[in-house]
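Survey of secondary and tertiary structure
Chain by chain, the residues:
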Amino acid sequence: MRIARLLGTVLGTTLLTTTAVLTAPAHAGTPAAPDTATLDRPALRDALDAVHEAGMYGVFSSVRDGREGWNGASGVADVATGRPVTPGMRQRVGSISKTFTAVGIMQQVERGRIRLDAPVGDYLPDLIPGERGREITVRMLLNHTSGIGDYVLSAFPSLAKGSTDSLEEERFRSIRPAELVRMGLAAPATGRPGTVPGSYSNTNYVIAGLLLEKVTGQKARAYLTRHVIDRAGLRHTYLPRTPYIKGPHPRMYESWFGVLDPPRDFSVYDMSWASTAGSVVSTTDDLNRFYRALLGGKLVGKASLDEMTRTVPVSGIDYGLGIYSLELRGCGRFWGHDGAVFGAGTIALSSRDGKRQVALAQNLMKYQERDENGRPKQHPIDDAIAAYVVRALCTDAPASGINHSRLTKSLRFDQLSH
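Let us look at the structure shown here. All values derive from a computational prediction rather than experimental measurement.

**Let's talk about the nonpolar core**
Counting 114 residues, the largest nonpolar core has Trp-273 and Tyr-388 as its most contacted members. Excluding residues within four positions of it along the chain, Tyr-388 makes contact with Leu-44, Ala-47, Leu-48, Val-51, Ser-61, Val-63, Trp-70, Val-358 and Leu-360. Phe-60, Ala-73, Val-85 and Met-89 belong to the second largest nonpolar core, which has six residues in total.

Encoded structure:
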């Protein structure tokens, strides 16, 4: 549900090149703005079209600058029928779910039910017993310094052999969070608890969801819906109960670096394997609203926000508690997360004051070829997405002044580990 590396196997988000014939760009946007607008709508539309023209099936996005907003889309939601992708479609947002879960934990910290630096074994002694339970703190779960391995390769064992058979075989499997944690704890440790740099692991956030349930006495889905999603005023965001997405959404195509040719549609999928680490469904507009609410102090207080934005190095990214920062030279520092699940990738970034924002969703994943080390090669889609994000966030900074390689690396943070 993110962009890290698991035992040398690349698991992740982004796009693909395919021999399938793409239809002409289909885009939609808000009406033209007055001359005083700070968002260059034609430039945003052109930059979004460029992502589709580079090989992405469908891409849709929401951009905000203060009270100004723009929503656009380009490409197709369904390759077979040519149905266009449209703004406002719902999407599985993968590891962006981690910010929602972290907010729930921080709300309980504020209520005194959880202490960030307390051993997780104090709360979940049966789930994480012994030395690990005594050494790993709640904070270490949230900033990925616990040293706990990821469960993804155990949940989908064929991936370690270069096969995608598991993806189809497990499409309708329901798996309990405690079983995911067992798999993660059985995986090789990535380091001693508290060691930096940290190593991104979805297991951390499944444990965080179980911790939230333990201290609140509620199912994580119910708690996050009432106290995070509803409180943020999100209208089209939810944690799914079934393999089906409610409301308008694109088909979600997975290429797995060319192994699946043509790419396979995974828009119907049981997301229990992602749990509180990556199962949220949302829209790009709702994601911008969510990060505005968070960074504006609507969901947690200043002290909690200060804790969430204290970063440590994790898999090449400055990671806080469920949120990371990205510095764009000449433009500023932005906060957010990205996410990847089979067939769907999403990125959401906001300025610290919540005024300038971009959220982007795509429906084609792992479109790149891999090099001799198993790493995805740079693809024109990667460059086009980076250029679009720069255009969306940096009104006055020329594209030539932005370090695109650093930006592209950051945007692919969640691509390599789901």
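**Comments concerning the packing of helix α2 (residues 97–110) against helix α9 (residues 220–229)**
The contact between α2 and α9 brings their axes to 10 Å, and the two run at 80°. One way to sum up the angle between α2 and α9 is to call them roughly perpendicular. Touching Phe-100, Thr-101, Val-103, Gly-104, Gln-107 and Gln-108 of α2 are Tyr-223, Leu-224, His-227, Val-228 and Ile-229, all from α9. Classifying every residue of the contact of α2 with α9 gives six nonpolar, five polar and no charged.

**Some details on the layout of surface pockets**
The computed volume of the largest pocket comes to approximately 590 Å³. Around the largest pocket, the lining comprises 23 residues; the ones closest to its centre are Ile-175, Pro-177, Arg-221, Ser-272 and Ser-275. Among the secondary structure elements, those contributing two or more residues to the lining of the largest pocket are α7 (177–186), α8 (202–216), α9 and α10 (275–278). With four residues, α8 is the single largest residue contributor to the lining of the largest pocket. Taken together, the residues that form the lining of the largest pocket break down as ten nonpolar, seven polar and six charged.

**Side note on the sheet that holds strand β1 (residues 58–65)**
Pairing is antiparallel in the open sheet, where eight strands are placed in the order β2-β1-β12-β11-β10-β9-β8-β7. Only two strands of the sheet have a single partner each, and these edge strands are β2 (68–75) and β7 (312–314). Across the sheet, the axes of successive neighbouring strands diverge by a mean angle of 25°, strand direction being ignored. In terms of strand pairing, β7 meets strand β8 (residues 317–319) through three bridges, oriented antiparallel. Residue pairing in the sheet places Pro-313 in a bridge with Asp-318 of β8. Relative to the sheet, helix α11 (residues 284–295) contacts β1, β2, β10 (332–341), β11 (344–351) and β12 (356–362), its axis offset from that of β12 by approximately 145°.

**What to know about the sheet that holds strand β5 (residues 264–265)**
Read across the open sheet, the three strands follow the order β5-β4-β13; overall the sheet is mixed. Each having just a single partner strand, β5 and β13 (364–365) make up the two edges of the open sheet. Pairing geometry for strand β4 (residues 253–254) and β5, over two bridges, is antiparallel. Directly across from Glu-254, in β5, lies its bridge partner Arg-264.

**Brief notes about the environment of Phe-342**
Relative to the helices and strands, Phe-342 resides in the loop between β10 and β11. On a C-alpha basis, the gap between Phe-342 and Leu-167 in space is 8.3 Å, while along the polypeptide they are 175 residues apart.

The rules we used
Residues numbered from 1 in each chain as written. Predicted model: local features only at pLDDT ≥ 70, side-chain atom pairs only at ≥ 80, totals over all residues. Heavy atoms only, no water. Core = buried A, V, L, I, M, F, W, Y, C linked by side-chain atoms within 4.5 Å. Buried < 20%, exposed > 50% of the residue type's maximum accessible area, 1.4 Å probe, protein only. Contact = heavy atoms within 4.5 Å. Axes fitted to C-alpha atoms, helices over the stretch in contact; angles between N-to-C directions. Helix = DSSP H or I, 4+ residues; strand = E, 2+ residues; numbered from the N terminus. Parallel < 35°, antiparallel > 145°, perpendicular 65-115°, else oblique. Nonpolar A, V, L, I, M, F, W, Y, C, P; charged D, E, K, R; others polar. 1 Å grid on protein atoms, 1.4 Å probe; cavity = no way out; pocket = protein on both sides within 12 Å on 5 of 7 lines; lining within 4 Å. Points joined across faces, edges and corners; volume = space filled by probe spheres on them. Pairing = 2+ DSSP bridges.

Geometric descriptors of this kind do not, in isolation, establish any biological role.
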